[in-house]
Amino acid sequence: QVHFAESGGGWVQPGGSLRLSCVISGSIESIESMSWYRRAPRKERELVATITTHGTTNYTDSVKGRFTISADNTKNTVHLQMNDVRPEDTAVYYCQSDLRQYYLVSYLPYWGQGIKVTVSS
């Protein structure tokens, strides 16, 4: 089994900062990438940021220059530093990873439970 421990969500005022963290544990052979997705009220889930084990990052346009994704591959941990947050960043944020479990051949997507972020004054 694979377990996700997400933390750092909560309420923050516009212009403020928040740092999300996610620790992935369990029967993991290898991780290919770690990502943060979000689902805002009445909207579809969208990819926020991705980091590969080689350190390549990718961001959705709306967060470029404000959010930074980072990872500690030795601890299977991924962070999302959120700066200059806006009300439209309000969403449930999900940690996601493409990984391979022991005794399996393929990399598969796994998801955390989600953590709520509210941006309001």
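Residues numbered from 1 in each chain as written. Predicted model: local features only at pLDDT ≥ 70, side-chain atom pairs only at ≥ 80, totals over all residues. Heavy atoms only, no water.

**Q** Explain the overall build of the protein to me, please; I cannot follow it from the model alone.
**A** For the protein, the count of helices and strands is zero helices and 11 strands. Relative to a compact globule of 121 residues, whose C-alpha radius of gyration would be 14 Å, the protein shows 14 Å and is just as compact. With respect to the principal axes defined by its C-alpha atoms, the protein has extents near 50 × 25 × 25 Å. A buried classification covers 40% of the 121 residues belonging to the protein. (Helix = DSSP H or I, 4+ residues; strand = E, 2+ residues; numbered from the N terminus. Rg over C-alpha atoms; globule rule 2.2 N^0.38 Å. Buried < 20%, exposed > 50% of the residue type's maximum accessible area, 1.4 Å probe, protein only.)

**Q** Just to check I follow, could you spell out the side chain of serine 33 for this structure?
**A** Checked against the element boundaries, serine 33 lands in strand E4 (residues 28-39). In this view, serine 33 contacts Thr50, Ile51, Thr52, Gln96, Ser97 and Asp98; residues no more than four positions away in its chain are not counted. (Contact = heavy atoms within 4.5 Å.)

**Q** I keep staring at the pairing of strand E11 (residues 115-119) and nothing clicks. Help me out?
**A** Two faces belong to every sheet, and in a regular strand the side chains alternate between them. Residues Ile115, Val117 and Val119 of E11 are buried on one face, while the alternating residues Lys116 and Thr118, pointing to the opposite face, are not. Of the strand pairs in this sheet, strand E9 (residues 91-101) and E11 are connected by three bridges, and their pairing is antiparallel. From the neighbouring strand, alanine 91 faces E11, where its bridge partner is valine 117. (Pairing = 2+ DSSP bridges.)

**Q** Got a minute to help me understand the sheet that holds strand E1 (residues 2-7) in this structure?
**A** Remark on secondary structure: sheet strands pair via backbone hydrogen bonds, oriented parallel or antiparallel. In space, the four strands of this open sheet follow the order E1-E3-E8-E7, with antiparallel pairing throughout. Edge strands, defined here as strands with exactly one partner in the open sheet, are E1 and strand E7 (67-72). Taken over all neighbouring pairs, the strand axes of this sheet differ in orientation by 15 degrees on average, direction set aside. Across six bridges, the pairing between E1 and strand E3 (residues 18-26) is antiparallel. (Axes fitted to C-alpha atoms, helices over the stretch in contact; angles between N-to-C directions.)

**Q** How do you make sense of the pairing of E9 when you look at a structure like this?
**A** Among the 11 residues of E9, eight are classified as buried, and the element is accordingly described as predominantly covered. Direction of pairing for E4 relative to E9: antiparallel, over a ladder of 10 bridges. Residue pairing across strands places methionine 34 opposite serine 97, the latter belonging to E9. Here E9 runs beside strand E10 (residues 108-111); their pairing, made up of four bridges, is antiparallel. Counterpart to serine 97 in the pairing with E10 is tyrosine 110.

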